[in-house]
Structures are given as structure tokens and as C-alpha cells.
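A closer look at the structure
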Amino acid sequence: MNQPIQTPAPSTLAAVMEMDGQEVSFTPGETIYEVSQRMGRQVPTLCYDDRLDPFGGCRLCVVEVEGLRNPVASCTTKATPGMKVHTKTPTLERHRKTLLELVVSENPKATIDPLRGSASQELVQLRTRYGVTGERFAGHHSGQSRTDDANPFILRDYDQCISCYRCVRVCAEQEGDYAISVRGRGFETKITTEFDGLLQDSACTFCGQCVQTCPTGALADRKAMRAQADPEPIAATRSVCPYCGVGCSVDLLSKGDKLVGIRPARDGGANLGALCVKGQFAFDFVQHEDRLRTPLVRGDDGTLRPASWDEALDRAAAGFAKALHDHGRHSTYAIASGRAPHESAYAIQKLIRATSGTNYVDNCSRA
Amino acid sequence: MPTPTDDELIQRWRSEPAPLLPLLHAFHDRDGHLTDDALRAVAKGLRMPLADLFGTVTFYHHFARTPPGQRAPRVCDGPVCRLRGCDALLRALPDATPMPCAGRCDAPIPVLRGAELLVGTTAGGAFGAQGDERGWPPPEAFLRLEPSPLPPPYPGAAGDGSGECVFAEIRTPGRATLAGYRATGGYEALTAARSPSEIIDVITQSGLAGRGGAGFPTGRKWQAVADAPGDPKTIVCNADEGEPGCFKDRALMDHDPHALIEGMAIAARATGATRGFIYLRYEYPDTMVILERAIAEAKTAGLLDGFALCVRRGAGAYVCGEETSLLNSLEGKHPFPRNRPPYPVTHGYEDKPTVVNNVETLCAVAPILRHGATWYRTLGLGDHAGTKVISLSGDVVRPGNYEVPIGLPLRTLLDEWAGGPGPGRSVQAVTMAGLSGGLLGAERLDVTLDEPCLRSHGSFLGAGGIMVFDDTRDMVAVAHEAMAFFAHESCGKCFPCRIGTQRLSERLSPGPGGSGPTELDPWTTEVVDIGDAMKATSACGLGTAAPLITDSLLKYFPEQVARHLAARKA
Ligand SMILES: Cc1cc2nc3c(=O)[nH]c(=O)nc-3n(C[C@H](O)[C@H](O)[C@H](O)COP(=O)(O)O)c2cc1C
Ligand code: SF4
Ligand code: SF4
Ligand code: FES
Ligand code: FES
């Protein structure tokens, strides 16, 4: 049965507000920050990640709403009809600068290697934008890096941490792993796991989501950081993760012709920025020295020796032909490697169907 | 009684409302601290992530994770107890650690040990000799159990209590029992046949407003909950009383528990709520016993039918007095304050419509219904409606809880009611709203005790704690301790407060913990900039109030600030 067509309620029609003197319509439920983004405003944020529930921690996104005494956090406040909002007054900019100066007083590092993670430049970029020198508000430092956590994937450099809790929230809200949490309170809060242990002893699955949302590089991609000293610029190439059937979009990071890291694509239809431990960190096989570089065939004594492609292909073809002749078409079965590119996976099924006449074909990702 | 097993504790609590805190307390009381195994058992029993639970437990300063834990004494080193020798007591008691103001500023220094609240004294000068610990009598000799003091006799005009509302009957012997409460008119308001809208009308007309700090009109809050869709609705009594220098709610609950219970039951009837919680601060274990006994009495007498009321204890966190942090704490979540809107009236406990009211607010309800809206209104002076309990402490002759008509001159309270600062002394400053309203200097003691007047001077009445400092006190030291308190209690959710309270505290610190400029001008610029950002952008009232300390210090005591900086430079 057809659904009756709903007439929009009057309040939906009247969803108009004013931003910096300009009228703008909005969808009920939209936050002021979301409206500001549509309007091309550059409201600064540090605790915001559009995949997560708005948190309201950094307070950089505050805006003035006419009729209210104090500014409100635009990321947590919904737009309402008739609301008049100012996103960039001198007072707001002054408070934002003070807030950034307070943050930087704890986190003095002016440069962070971009290989640390997708969001790792957020704080340094705001620093530059607001001309924060790091000279004000000197005082104690709260972060404590976990140098004892030697896991090969995630660097826990909490000296850079600004307690935005994006890592905690992404782990809970996106991954459902609840491996990381906030310990203590106030200036002494620390990002931690159960009983302050190592990641490997926690509920962590090393998916790397915390790394990719961290706005300071405090949580960082240890594998990518191995290439920090390489002089070439970082290039990103869009691809699809080869491991399983989900088809997560990734950006392959390279320096020169070397693959140095992998990043989940936020606009990937299948994963929207998510990855698992394999897709995120297990790429060393690509350039591994044990990888075959030439075909091998077995000699009469049964040991492998290098061979030309022609020789190897002839040997394989003869083997298939004999099996088909002796045992029929269903005696052959092809499994494509999940690590092979998609073109190869396509080719192997074509091959087995066309040459053997069987549909016995699969990919290890399906298992 | 055999020691309960993990399983028995979990079975006891897992199906109760708001089970996390009582379950953690059960383990904490049993073992003296919360072991890893206890946390594992609780996480499994309540099906919550272990990392979350671990983080949340570490939020509360009274949950110990290692021995001697709960069995070691915790001594109040709040602003008033510092004037009364808490340092000596801390040195004398083995394993003692400090805790923030424990809400007994009108009595000897409170000391928590095990599950008990004791008081310790510096009597006989035994603690007077700073630093020399040898030859002192065993510290035990100075600790004793002592019920909390009653409010002093009403010092107002007629001396017959006619100016009081919540304290009008509190001194009547036996008032804390059901029989005694009923003998003085108790539960008449609850049992009188009044419709929900009649109740809300009277409360609205009386002008009763929140006595927990924010002053929101109580009738409007109840109406909003009554109107809000969603069931079940909840009445939460905020008995967290964590503000330093505030101890009024404790007096009301200890000596007039049924007044609170009746107020909550009336609120439930007015709003259609079927469940209720009293969220009680950890430092009031005696009050817990009194409240549970009184609730049991009222239940047995059939006065709470259809209203499931229970007490939940906090575990040491001032911010849990902030209503949305309190709700998260009750729900067993990490007690960060929530983003508002939505407000608790529509999305409160378990996201259902909820009234959160202070103890004093709720205690005023039954008398108002019995005597009428006009009666209550006219208890105030001039245009001001009603009364406010002031917890007065520090350098005054008669500290204690005083129920004043709103609009009373501060001077009248200080000098006539409480006997002034003592012979040969003058008042140098008072705090307002506990610590949250900052300081008022000697030249500003001409204020009247009402929000319009106090706000016009950059302060506010809030929960009504006033601490008095005479002319011998170092006001920078007082301000530093106040800011260190806010830094200790900041939840860490928002940047301005998490870093701001810390930086301000460092700037006020005299010792090695200090940092920041040592010249007055750059010092002032930094302190003012931090304070302005905190006031404008903090996510809750803790962060917006804390800079009133530095603002008022600079306003009233610039020369003491200059001396502080000169000493730091030297
Ligand atoms: C940091 C902070 C601490 C608070 N502590 C308390 C408290 O201990 N008791 C209380 O009743 N209200 C406290 N409040 C105020 C509550 O948020 C809330 O306004 C009050 O409980 C509402 O009750 P009322 O309307 O009856 O005053 C606190 C607020 C803040 C920001
Ligand atoms: S580690 Fe990174 S994401 Fe996590 S709280 Fe710190 S700065 Fe934020
Ligand atoms: S103002 Fe302070 S206590 Fe309140 S939310 Fe922010 S950090 Fe937490
Ligand atoms: S982005 Fe809104 S508070 Fe951080
Ligand atoms: S009880 Fe110690 S300062 Fe209040």
C-alpha cells in the first residue's frame, strides 16, 4: 500500500534562523555547528568528530546567541526557529585564543608528523591560525606517555594529549569495544585502559580508530611513523582493503615508491572511516623481502628453482590439463588470495570457469 | 554476621534501582578498598565494560583502590578547618590524608574513618605545637562520635521562631521520629486532599525558588515535569552538599528527616512521579542511617504508597552536586555533567522527566502548603519572598545554620545574630555561596542577603554558605585553597575549567607548586583572561563560578596580591 504523503508540520516549514546576519533554513534536529558548516563558517573545534555524539568539551566552537547571557557550544546546541547566532565576534575570538593558549601551555609541541594519524594536525593548524606562541600560561603538564607499552601498532604519547576524549568515545560509540576510558578527574585526567594496563591486556582490538581521530597525534600510528625520516612527500592513493569482503575504502600512504601506511577513508561507503587491525596495520607483506619476485618450479629432485614465466605457465597448464583429463572438470578448484588485487581475483575466476568449465571458485575473504 | 561473598553482594543489589553506587559501597565497606577482583565482579554482575567502570571508580575520591584505604582517617582540610588546626590533626593521625570540606564547619574537625564520621579536636593545645609530634597522647583520644549540631536558637526579632519556615519546628524534641513529626503537624500537608494542580499553584504563588544554588522557581519546575510526556517520572533530592562552607542540608536531614520525605512525596503527587532518590554525599554516614530509618517508618505508616523512595550515597565528588552530573552518577555513568538542553525536567533520570530539588527546597514544601503561599512570601523582607538558610562559619562567635528572611542585611546576621568576629577582631572578608560566590571585602559588608543585591556586586547567595575571615587572615592563601579545591573537583570534561582552575591555582600558590608571571601587570592580565574565558565558555557552574575567587581577590585585596607576588619573586 502506498504511504500517504505527509504534509510537513508548520514548524518544519518555519525552520529558519539567522547566522551572522544571514537568514538560513535548517532541518529540525540540526545543530548550530552543522548549520555553520553548511554556511561555510570556519568555527574551530577540537573535540568534534561528526561520527560521534556531540560532547561539548573543548568549548572552541562556542557561538553567541542573541538573548543568552553566555555563549553556547554550537556542537551540542540545536538550531531553533528565529535564533540569531554570531559565530565570530571579537569576544568569541578572544576566548578561543585564550582556550588555545591554555591547551598549548600543556602541549608545547609546534609540529607533529602527519604520519601519526588522519586528524593529527588539528591542534597545530589551530595554533597557527590563532597565532598561539606557547608563551602564555606556563605551568604544570598533565600528560604521561606510556613508554612501557611496546605494542607494534599504537604509540601512546600522552604527553601530547589534550583530554578531548575522542579516542574514548570512538572506541565506545563506533567500535563498541569500550577498551579505553578516562581515569581520575580535572587536570589529572588520563586516558587509560582497565587497571592502567597495556593495550594488549585490555579489550583493545588495535583497530586504530583512536589513532585516526586523535587531534594531536598523542595516539599515533607506529607503523607509519617508521617512515618519518624519509624525505619524500606523503602521497595518498585511494584503494580498497584487500583483506575481506566488506570492501573498506582506504588511502594508501606512500613516500616515493614505498608504501608507508594505510588510512581508512572517511568517505568510504562501506566503512565510513572504520578499519580493523589487519586493514589498518598489516601491510608489511607488500614490500616484504620474503615475497616471491620470480616464478619457481620444482626440479626432478622436488626442490624449487627459479624459472621463466613461460616455463612455469607451461608446467601449470600441463598439470591442470592432466587433472581434467583424468578426473573431470570438478577436479579443479580455485581460491583467490585476499591479498591479491581485485583484478587478479577477477582473472582467476575467469580462468577456472573458462578453462575447467567449473564454478568451483572462491576467495579466502569469504571464509 | 558472616562476610558476604561477591555473589551475595551482587545478588543483593543487581535488581535494585540505581545499583552501581550501593554495590561499589558494599564491596568498599567489606574490603576497605576496591580490589581489581571486586571491579571485575561488579562489571560482570552489572554487565558493564570494565574499562568504563575502572575510569568511573577513579573519579570519586573516597573510593580507595589500595589499603589501608577506607580504614585510614581522612581529615577535613577545608577553608574553615584550616583555621581550626586540621594540619596538626593530619600530622597526628597515622596514614591520615586530607579531604575537602565535609560539611561540619560549625563543629569540631570532621574525620572519616572506616564507615564512620568522627570529629577531632585540637583541645588542650595538644595540637598547638607545630611540628613537634613527640610526646603527644595517642591521637585516638581526640576523636569521638558526635551528632551534628542543631541550629542555634532563633535569634530574630521575637525569638519565637515566627520568622522561620524550615527551622520552625526543628528544635522540638523528638521531631526526627514519625510520632514527633506528626505531633508538630507533620504529614498533614501530604494527607490533605489537594489536587496536583492545587499543590503546584500554591508552591508557585509562594515564590519558593531553588535553595541549592541556581534559584530556579520550584513551581515552574514541577509544572514542567507534570506536563512532560514519559513515564516513570522521578523526584531526585539533591543532598550532595559538596559546597565548602555549606552544612544546612545535613542539619535538616539529621534533625527533621520527615520534612524532606514529606516534601518529596508531595512533589511526587504534584508531578505524577512514582520513584524517588535522595542522593546523599558520602561524608554524611549518620544521615544515611537517619534517612533510611525515617523512610522505613513512613513506608510502614502507608505514607509512601505508590512512591518508591531510596537513598543513594555519593563517593566523593563535588561536581556530582551539579544536577546532570548527579543523574549520570545515579545511573552508574561517568559523572561528567550533561549538555543542556534538554534539561532534567524532560530528560532526567534514565532520560525520563525528573525533578531535581535541593533538600532545603523540599523541606519548605510542607510548611508552605500548611500555612499558605502568602505566609511564606511575607517571611521575606521587602519584595523578597521567603527565607534562606545560611550556613555561617569561620571567624564568628556563634557559627551555625541560621534561617534568615531573604533581604536581611549581612551585617545583622554577622554581628547581631552570630556575635561578630570576636573581641578585638574585625571582619576582613566573607565568602558567598560557599566558595562559588567569591569574596566580599570589608567595605562590601553592607549588602543584603538576596540575589539582586549580591549579583549587583558580582557575587551571589547560591546555596547560602558564608565563611568569615577576620583581619589576621591571609586572603591570597584563602583564595589559593579555594582555587585548589575547584581544580581538585573539576571533572575534566571541558578545557576552560580543567586547565583554567589548575593555572589559576598555580598563580595563587605561594610555594614550589606555583607558576606564572611574578610582576603584577602580566599576572593580572593572565588571571583575568583565564577567568573571562572560564566564565564565558565553561560547560557547568563549577567552571563559571571558580574565577569569582580571583576576580574578587583582585577587587578587594590588590595589595595582598602584590605582596604575594613580591614574596614569590624573592
Ligand atoms: C558544581 C555544582 C555543584 C552543585 N552542588 C549542589 C549541591 O550540592 N546541592 C544542591 O542542591 N545543588 C547543587 N548544585 C545545583 C544543582 O545543579 C541544581 O541546580 C539544584 O540541585 C536544583 O535544586 P533546587 O532548584 O531545589 O535548588 C550544584 C551546581 C553546581 C554547578
Ligand atoms: S589521546 Fe588524543 S583523542 Fe584521546 S583524549 Fe588525548 S588528545 Fe584526545
Ligand atoms: S566547568 Fe569544570 S566541572 Fe563543569 S563540566 Fe567543565 S570541567 Fe567539568
Ligand atoms: S567542538 Fe564543540 S565543544 Fe568541542
Ligand atoms: S567541615 Fe571542614 S571546612 Fe567545612
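This one's a predicted model, so the numbers in the text were calculated from it and none came from an experiment.

**Looking at the domain arrangement of chain A**
Residues and elements named next belong to chain A. When the domains of chain A are assigned, the result is domain 1 (13–88), domain 2 (111–222), domain 3 (228–291) and domain 4 (296–363). One C-alpha centre belongs to domain 1, the other to domain 2; they are set 27 Å apart. Each partner contributes to the roughly 1200 Å² buried at the junction of domain 1 and domain 2, and carbon and sulfur atoms together form 54% of this total. When the buried surface of domain 1 facing domain 2 is broken down by residue, Leu46, Arg51 and Leu52 rank first, second and third, together holding 49% of it. Put simply, domain 1 and domain 2 have zero salt bridges between them. Inspection of the region where domain 1 meets domain 2 yields nine residue pairs in polar contact (both at pLDDT 80 or more). When grouped by side-chain class, the residues that make up the side of domain 1 that touches domain 2 number seven nonpolar, two polar and three charged.

**Here we look at the site of ligand 2**
Around ligand 2 sit 13 residues in total, of which A:Cys161, A:Cys164, A:Tyr165, A:Cys167 and A:Cys214 are the nearest. Looking at the shell around ligand 2 residue by residue, the class counts come to 10 nonpolar, two polar and one charged.

**Quick look at the domain arrangement of chain B**
All names here are of chain B. The domain architecture assigned to chain B consists of domain 1 (6–69), domain 2 (72–126 + 137–144), domain 3 (178–377), domain 4 (387–470) and domain 5 (475–569). Here the C-alpha centroids of domain 2 and domain 4 sit 25 Å apart. Counting residues at the interface gives five residues for domain 2, matched by 10 residues for domain 4. Here domain 2 and domain 4 share an interface that buries about 510 Å² over both sides, 81% of which is from carbon and sulfur atoms. The three residues of domain 2 that bury the most area against domain 4 are Pro79, Leu83 and Asp106, which together make up 71% of that side's buried surface.

**A word on the sheet that holds strand 12 (residues 427–431) of chain B**
All names here are of chain B. Across the sheet, five strands lie side by side as 11-10-14-12-13; this open sheet has mixed pairing. The open sheet is flanked by strand 11 (400–405) and strand 13 (439–441), the only strands paired with a single partner. Pairwise comparison of adjacent strand axes, ignoring direction, gives a mean angle of 30 degrees for this sheet. Sheet topology places strand 10 (residues 387–394) next to strand 11; six bridges connect them, and they run antiparallel. Its bridge partner lying in strand 11, Ser391 is registered against Asn401.

**Quick look at the interface of chain B and chain A**
At the junction of the two partners, chain B supplies 50 residues and chain A supplies 45 residues. Approximately 3900 Å² of surface area, both sides summed, lies buried where chain B meets chain A, with 58% of it carried by carbon and sulfur atoms. The salt bridge partner of A:Glu106 is B:Arg498, with a shortest N-O separation of 3.3 Å. Connecting chain B to chain A are 28 residue pairs in polar contact (both at pLDDT 80 or more). Those elements giving two or more residues to the side of chain B that touches chain A turn out to be helix 3 (36–45), helix 4 (50–59), helix 20 (475–489), helix 21 (495–508) and helix 22 (520–537) of chain B. The biggest single contributor to the side of chain B that touches chain A is helix 22 of chain B, with nine residues.

**With respect to the packing of helix 24 (residues 547–556) of chain B against helix 25 (residues 558–569) of chain B**
All names here are of chain B. Following both chains from N to C, one finds helix 24 and helix 25 inclined at 100 degrees, their axes separated by 5 Å at the closest point. Accordingly, the angle class assigned to the pair helix 24 and helix 25 is roughly perpendicular. Each of Leu553, Leu554, Lys555 and Tyr556 in helix 24 lies in contact with helix 25, whose residues at this interface are Pro558, Glu559 and Val561. When the residues that make up the contact of helix 24 with helix 25 are grouped by side-chain class, the tally is five nonpolar, no polar and two charged.

**Overview of the site of ligand 1**
Residue and element names in this part refer to chain B. Lining the immediate surroundings of ligand 1 are 19 residues, of which Gly212, Asn238, Asn357, Asn358 and Thr361 lie closest. The backbone of Glu323 places a nitrogen or oxygen atom 3.0 Å from an oxygen atom of ligand 1. Burial of ligand 1 by the protein chains amounts to 89% of its free accessible area of 610 Å². For the shell around ligand 1, the secondary-structure elements that each account for two or more residues are strand 9 (354–358) and helix 23 (541–545). The biggest single contributor to the shell around ligand 1 is strand 9, with three residues. Taken together, the residues of the shell around ligand 1 sort by class into four nonpolar, nine polar and six charged.

**A closer look at the sheet that holds strand 11 (residues 249–255) of chain A**
All names here are of chain A. If you walk across this open sheet you meet the three strands as 10-11-12, and the pairing is antiparallel. Edge positions in the sheet fall to strand 10 (234–240) and strand 12 (258–264), since each of these pairs with one other strand and no more. Strand-to-strand, the axes of this sheet are offset by a mean angle of 30 degrees, without reference to chain direction. Relative to strand 12, strand 11 runs antiparallel, the two sharing six bridges. Residue pairing for strand 12: Ser254 is matched across the bridge by Leu259.

**Regarding helix 14 (residues 323–330) of chain B**
Residue and element names in this part refer to chain B. Along helix 14, seven of the eight residues are buried, which leaves the element largely enclosed by surrounding structure. For helix 14, every residue scored as buried is listed here: Thr324, Ser325, Leu326, Leu327, Asn328, Ser329 and Leu330. Looking at the packing, one finds that the buried side of helix 14 touches helix 2 (20–31), strand 6 (234–239), strand 7 (275–280), strand 8 (308–313) and strand 9. Immediately downstream of helix 14, the backbone of Gly332 shows phi near 80 degrees, a positive value.

**Thoughts on helix 20 of chain B**
Residues and elements named next belong to chain B. The terminal C-alpha atoms of helix 20 lie 21 Å apart, and with 15 residues this matches the ideal 21 Å at 1.5 Å per residue to within 8%. Summarising burial for helix 20: 11 of the 15 residues are buried, a large majority. Those residues of helix 20 that fall on the buried side of the exposure criterion are Met475, Val476, Val478, Ala479, His480, Ala482, Met483, Phe485, Phe486, Ala487 and Glu489. Where helix 20 begins, the capping side chain belongs to Asp474, and its oxygen is found 3.0 Å from the backbone nitrogen of Val476.

**Re the packing of aromatic side chains**
Both the distance between ring centres and the angle between the ring planes are used here to describe each pair of aromatic rings. Residue and element names in this part refer to chain B. Inspection of the entire model under this criterion finds 20 aromatic pairs over all chains. Geometry around Tyr284 places Arg281 over its ring, the cationic atom sitting 5.5 Å from the centre. In this arrangement the basic side chain of Arg498 is found over the ring face of Phe495, its NZ or CZ atom lying 5.5 Å from the centre.

**Description of the pattern of salt bridges**
Residue and element names in this part refer to chain A. Under the defined criterion, the tally for this structure stands at 59 salt bridges over all chains. Between Glu311 and Arg305 there is a salt bridge whose closest N-O contact spans 2.9 Å. By relative accessible area, Glu311 is classed as partly exposed at 27%.

**Here's the deal with the pairing of strand 4 (residues 116–120) of chain B**
Residues and elements named next belong to chain B. Counting buried positions over the five residues of strand 4 gives four, a clear majority of the element. As paired elements, strand 3 (residues 109–113) and strand 4 share five bridges and run antiparallel to each other. Its bridge partner lying in strand 4, Arg113 is registered against Glu116. Remark: two residues form the turn of the hairpin made by strand 3 and strand 4, two consecutive strands paired antiparallel; Gly114 in that turn has positive phi of roughly 60 degrees.

**Description of the side chain of B:Ser391**
Residue and element names in this part refer to chain B. With respect to the element layout, Ser391 can be found in strand 10. Take Ser391: its relative accessible area is 0%, and that puts it in the buried class. Not counting chain neighbours up to four residues away, the residues in contact with Ser391 comprise Gly245, Cys246, Phe247, Lys248, Gly400, Asn401, Gly464, Gly465 and Ile466.

**Considering the environment of A:Ser120**
All names here are of chain A. Inspection of the secondary structure assignment puts Ser120 in the loop between helix 3 (90–106) and helix 4 (122–129). Between the C-alpha atoms of Ser120 and Thr294, which are 174 residues apart in sequence, the distance is 40 Å. At a separation of 2.8 Å, a polar atom in the side chain of Ser120 contacts the main-chain carbonyl oxygen of Gly117.

**Looking at unusual backbone geometry**
The residue after B:Asp231, namely B:Pro232, is reached through a cis peptide bond having omega -10 degrees. With omega at 5 degrees, the peptide bond leading from B:Pro341 into B:Pro342 counts as cis. As for its position among the elements, B:Pro342 is in the loop between helix 14 and strand 9. Even without being a glycine, A:Tyr165 presents a positive backbone phi close to 65 degrees. Among the residues examined, A:Tyr165 registers a relative accessible area of 2% and is labelled buried.

**Examining the environment of A:Arg127**
All names here are of chain A. Within the fold, Arg127 resides in helix 4. In this structure, the C-alpha to C-alpha distance between Arg127 and Cys75, residues 52 residues apart in sequence, is 20 Å. Discounting chain neighbours no more than four positions away, the residues touching Arg127 are Val104, Asn107, Pro108, Lys109, Ala110, Val132, Thr133 and Gly134.

About the criteria used
Residues numbered from 1 in each chain as written. Chains lettered and ligands numbered in written order. Predicted model: local features only at pLDDT ≥ 70, side-chain atom pairs only at ≥ 80, totals over all residues. Heavy atoms only, no water. Domains from an automatic or database assignment. Buried area = accessible area lost by both parts, 1.4 Å probe. Salt bridge = Lys/Arg side-chain N within 4 Å of Asp/Glu carboxyl O. Polar contact = N/O pair within 3.5 Å; in protein donor to acceptor, adjacent residues only side chain to side chain. Nonpolar A, V, L, I, M, F, W, Y, C, P; charged D, E, K, R; others polar. Near = heavy atom within 4 Å. Contact = heavy atoms within 4.5 Å. Pairing = 2+ DSSP bridges. Helix = DSSP H or I, 4+ residues; strand = E, 2+ residues; numbered from the N terminus. Axes fitted to C-alpha atoms, helices over the stretch in contact; angles between N-to-C directions. Parallel < 35°, antiparallel > 145°, perpendicular 65-115°, else oblique. Areas by Shrake-Rupley, 256 points an atom, 1.4 Å probe, with all protein chains shown as cover. Buried < 20%, exposed > 50% of the residue type's maximum accessible area, 1.4 Å probe, protein only. Expected span 1.5 Å × (residues − 1). Phe/Tyr/Trp six-rings, centres within 6.5 Å; stacked < 30°, edge-to-face > 60°. Lys NZ or Arg CZ within 6 Å of the ring centre and 35° of its normal.

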